[in-house]
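Remarks on the overall topology
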Amino acid sequence: MVVLAIAVIPTLEFAGEDGGIVSRETTSSMESLWIDVENTDTAARRFTVRVAAPGSDAPVSGVRVLPDNAPELSGGENRRVLVVFQAMRPGELREAEVCYAPEVRPQDATCTHFAIRRL
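An account of the accompanying structure is given in this report. Just so we're clear, the structure is a prediction, and the values are computed from it rather than from any experiment.

1. Considerations on the overall build of the protein chain
Helix and strand content of the protein chain: 0 helices and 9 strands. Scanning the protein chain from its N terminus toward the C terminus, one meets helices and strands in the order β-β-β-β-β-β-β-β-β. When burial is assessed residue by residue, the protein chain has 35% of its 119 residues classed as buried. Considering only contacts within the protein chain whose residues lie at least 6 apart along the sequence, 60% involve residues at least 24 apart. Element-wise, carbon and sulfur atoms account for 51% of the exposed surface of the protein chain, whose accessible area totals about 6,800 Å².

Below you can see the structure in the form of structure tokens.
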């Protein structure tokens, strides 16, 4: 027997935003957001999606990037990546800086700071 389980996770989206803080409150133990990774070059590029503590390079625990954190995009292609904040406890505030950048040009990162609080 095959059983298919579908989880509904509240999701928000950002693309091309740089700087500022996006705040959100949730009643769920999981919160997710879509990242639109854009390759504005004409050549194919591999990108790195990074989820780190604000102001550092330390990864945030309990966060998954799906399908992976290193998508390869053709020239002019966009692709969505899902970032899932898991196992949030009641009252917890989890902050993360989510960035994407071409592997060959990490200085060209597009980043947004997220602050998610579980009620």
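2. As for unusual backbone geometry
Of note, the amide linkage connecting Leu66 to Pro67 takes the cis form, showing an omega dihedral of 0°. One non-glycine residue, Ala87, adopts positive backbone phi at about 55°. Looking at where Ala87 falls in the secondary structure, it is placed in the loop between strand 7 (78-85) and strand 8 (93-102).

3. A look at the pairing of strand 4 (residues 45-52)
Relative to strand 6 (residues 72-73), strand 4 runs antiparallel, the two sharing 2 bridges. Residue pairing in the sheet places Arg46 in a bridge with Glu72 of strand 6.

4. Structural notes on the nonpolar core
Ranked by size, the top nonpolar core spans 19 residues in total, and within it Ile35, Val37, Val51, Val83 and Phe85 carry the most contacts. Mapped by element, the contributors of at least two residues to this core are strand 3 (31-38), strand 4, strand 5 (63-66), strand 7, strand 8 and strand 9 (110-118). Excluding anything up to four places from it in sequence, Val83 contacts Glu31, Ser32, Leu33, Ile35, Val51, Val63, Arg64, Val65 and Val98.

5. Topic: the environment of Tyr100
Locating Tyr100 in the fold gives a position in strand 8. Taking the relative accessible area as the measure of exposure, Tyr100 reaches 5% and is therefore buried. Between the alpha carbons of Tyr100 and Asp36 there is a distance of 9.2 Å; along the sequence they are 64 residues apart.

6. Side note on the packing of aromatic side chains
To describe a pair of aromatic rings, you give the distance between the ring centres and the angle between the ring planes. Scanning all chains against the criterion turns up 1 aromatic pair. With a centroid separation of 6.3 Å and an interplanar angle of 55°, the aromatic rings of Phe47 and Tyr100 are classed as tilted. Remark: Tyr100 occurs in strand 8 and Phe47 occurs in strand 4; sequence separation between them is 53 residues. On the basis of relative accessible area, Phe47 is assigned to the buried category, the value being 3%.

7. Examining the sheet that holds strand 8
Within the open sheet, the 5 strands sit side by side as 2-9-8-4-6. Their pairing is mixed. Both edges of this open sheet fall to strand 2 (21-26) and strand 6, since each of them pairs with a single strand only. Judged from the 6 bridges that link them, strand 4 and strand 8 form a sheet pairing that is antiparallel. In the sheet register, Arg50 faces strand 8, and the bridge partner there is Cys99.

8. A closer look at the side chain of Asp36
Within the fold, Asp36 resides in strand 3. Accessibility expressed as a relative area gives 17% for Asp36, which makes it buried.

Calculation notes
- Residues numbered from 1 in each chain as written.
- Predicted model: local features only at pLDDT ≥ 70, side-chain atom pairs only at ≥ 80, totals over all residues.
- Heavy atoms only, no water.
- Helix = DSSP H or I, 4+ residues; strand = E, 2+ residues; numbered from the N terminus.
- Buried < 20%, exposed > 50% of the residue type's maximum accessible area, 1.4 Å probe, protein only.
- Contact = heavy atoms within 4.5 Å.
- Areas by Shrake-Rupley, 256 points an atom, 1.4 Å probe, with all protein chains shown as cover.
- Pairing = 2+ DSSP bridges.
- Core = buried A, V, L, I, M, F, W, Y, C linked by side-chain atoms within 4.5 Å.
- Phe/Tyr/Trp six-rings, centres within 6.5 Å; stacked < 30°, edge-to-face > 60°.

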